[in-house]
Amino acid sequence: MTKTALGSHPFLLGFEQLERLVERTAKAGNDGYPPYNIEQAGEHSFRITLAVAGFAEEDLSITVEDRQLVIRGRQAEETGERIFLHRGIAARQFQRSFVLAEGVEVSGAAMENGLLHVDLEQVRPESVVQTIRINRQQEQ
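The following paragraphs examine the structure supplied in this document.

Here's the deal with the overall build of the protein chain
Thinking step 1. Check the secondary structure of the protein chain and you find one helix and seven strands.
Thinking step 2. Evaluated residue by residue, the protein chain yields a buried proportion of 20% over its 140 residues.
Thinking step 3. Considering only contacts within the protein chain whose residues lie at least 6 apart along the sequence, 53% involve residues at least 24 apart.
Thinking step 4. Here the protein chain displays about 11,700 Å² of accessible surface, and carbon together with sulfur accounts for 50% of that area.

Next up, the structure:
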């Protein structure tokens, strides 16, 4: 049996990029740390909220590269002489990735009570109608 690629269908011209996007999404980590929510904040806006208790703002970084939102957390090494009898609060580094659709942009980020909120907005492109002129071929 032959596997048909999404980009090879005759009616889907130029959609090879979508296939790569699906593959990249599937490779994104399935690690459950840190837990997160995704909510619709408005008709064209979304909010991703990550539980980052114990992380300071300077321990976190948010980047967007090639339509992929990457949130990283890394706490500084403790220099104190603290002795834990039980350590149940996770303090490990993390990387959480989200693939953004075309036209989705990060509009802001904020920390509140141990939660990192990343706000996204979907910018709607204008509808463009284009008329293509048909050229008559010259007979030879």
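So that's the structure; there's more coming.
Topic: the packing of aromatic side chains
Thinking step 1. Taken as a whole, this structure holds three aromatic pairs when the rule is applied.
Thinking step 2. Summarising the aromatic geometry, the rings of Tyr33 and Phe94 are spaced 6.0 Å apart at their centres and angled 90 degrees between planes, so their arrangement reads as edge-to-face. In this pair, Tyr33 is assigned in the loop between α1 (16–27) and β1 (36–42) and Phe94 in strand β5 (residues 94–99), connecting sequence segments 61 residues apart. Grouping residues by exposure puts Tyr33 and Phe94 together as buried.
Thinking step 3. On the numbers, 5.2 Å between centres and 85 degrees between planes, the contact of Tyr36 with Phe98 is edge-to-face. Note that Tyr36 is positioned in strand β1 and Phe98 in strand β5, a separation of 62 residues in sequence.
Thinking step 4. Owing to a relative accessible area of 36%, Tyr36 belongs among the partly exposed residues under this scheme.
Thinking step 5. According to the relative accessible area criterion, Phe98 is buried, its value standing at 10%.
Thinking step 6. These aromatic residues form a ring-pair network of at least three members: Tyr33, Phe55 and Phe94.

Considerations on the nonpolar core
Thinking step 1. In terms of nonpolar packing, the biggest core is built from 15 residues, with Leu69, Ile71 and Phe94 touching the most fellow members.
Thinking step 2. Elements with a minimum of two residues in this core: β2 (45–51), β4 (68–73), β5 and β7 (115–122).
Thinking step 3. Ranked by residues supplied to this core, first place goes to β7 with three residues.
Thinking step 4. Every residue in contact with Phe94, bar those within four places of it in the chain, is listed here: Tyr33, Pro34, Leu50, Val52, Phe55, Leu60, Ile71, Arg72 and Gly73.

Calculation notes
Residues numbered from 1 in each chain as written. Predicted model: local features only at pLDDT ≥ 70, side-chain atom pairs only at ≥ 80, totals over all residues. Heavy atoms only, no water. Helix = DSSP H or I, 4+ residues; strand = E, 2+ residues; numbered from the N terminus. Buried < 20%, exposed > 50% of the residue type's maximum accessible area, 1.4 Å probe, protein only. Contact = heavy atoms within 4.5 Å. Areas by Shrake-Rupley, 256 points an atom, 1.4 Å probe, with all protein chains shown as cover. Phe/Tyr/Trp six-rings, centres within 6.5 Å; stacked < 30°, edge-to-face > 60°. Core = buried A, V, L, I, M, F, W, Y, C linked by side-chain atoms within 4.5 Å.

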